[in-house]
Amino acid sequence: MEKGLNLNSTNKCSPGTPTTPEPLAAAASYSEATAPALDPKPETVTISRGEYGQLLTDQAKLRALEAMGVDNWSGYSDAMEQLAA
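1. Thoughts on the overall build of the protein
Secondary structure assignment for the protein yields three helices and two strands. When the elements of the protein are put in sequence order from the N terminus, they spell out β-β-α-α-α. Sorting the 85 residues of the protein into buried and exposed places 2% on the buried side.

2. Quick look at the environment of Ile47
Here Ile47 is to be found in the loop between helix H1 (21-34) and helix H2 (49-67). For Ile47, the contacting residues outside a window of four places in its chain are Tyr52 and Leu55.

3. Regarding H2
Here H2 is 19 residues long and its end C-alpha atoms lie 27 Å apart, about the 27 Å a rise of 1.5 Å per residue gives. Immediately beyond the C-terminal end of H2, within one or two residues, lies Gly69, with a positive phi of roughly 90 degrees.

4. Topic: a nonpolar patch on the surface
Side chains of Val45, Ile47, Tyr52, Leu55 and Leu56 sit close together on the surface and give an oily, nonpolar patch of about 490 Å² of accessible area. When you line up the elements, Leu56 lands in helix H2.

5. Some details on the confidence of the model for the protein
Summarising the model, the protein shows a mean pLDDT of 74, and 56% of its residues fall at 70 or more. Per-element confidence in the protein ranges from a low mean pLDDT of 45 for strand S1 (residues 3-7) to a high of 95 for H2.

Criteria and cut-off values
Residues numbered from 1 in each chain as written. Predicted model: local features only at pLDDT ≥ 70, side-chain atom pairs only at ≥ 80, totals over all residues. Heavy atoms only, no water. Helix = DSSP H or I, 4+ residues; strand = E, 2+ residues; numbered from the N terminus. Buried < 20%, exposed > 50% of the residue type's maximum accessible area, 1.4 Å probe, protein only. Contact = heavy atoms within 4.5 Å. Expected span 1.5 Å × (residues − 1). Patch = residues over 30% accessible without salt bridge, like charges linked within 9 Å, V, L, I, M, F, W, Y side chains within 5 Å. Areas by Shrake-Rupley, 256 points an atom, 1.4 Å probe, with all protein chains shown as cover. Salt bridge = Lys/Arg side-chain N within 4 Å of Asp/Glu carboxyl O. pLDDT = per-residue confidence, 0-100.

And the structure:
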């Protein structure tokens, strides 16, 4: 039997233990069936550090607002319509 990584009954991975083909086959079929095809050369965009920092700040602000229910604000749908236009 092949030695490799194996999940035990507590779902902890232990190196060097014998592996069985069943879990490996199940994992392989799961990843092949569910994983999206990866672009061999993903498209990239170059921006300045300042703009990157601003994007991170804006993202954190948006997440905080959404966590506090901004989507329930009376003007939220109007703002989303304005963005879509």
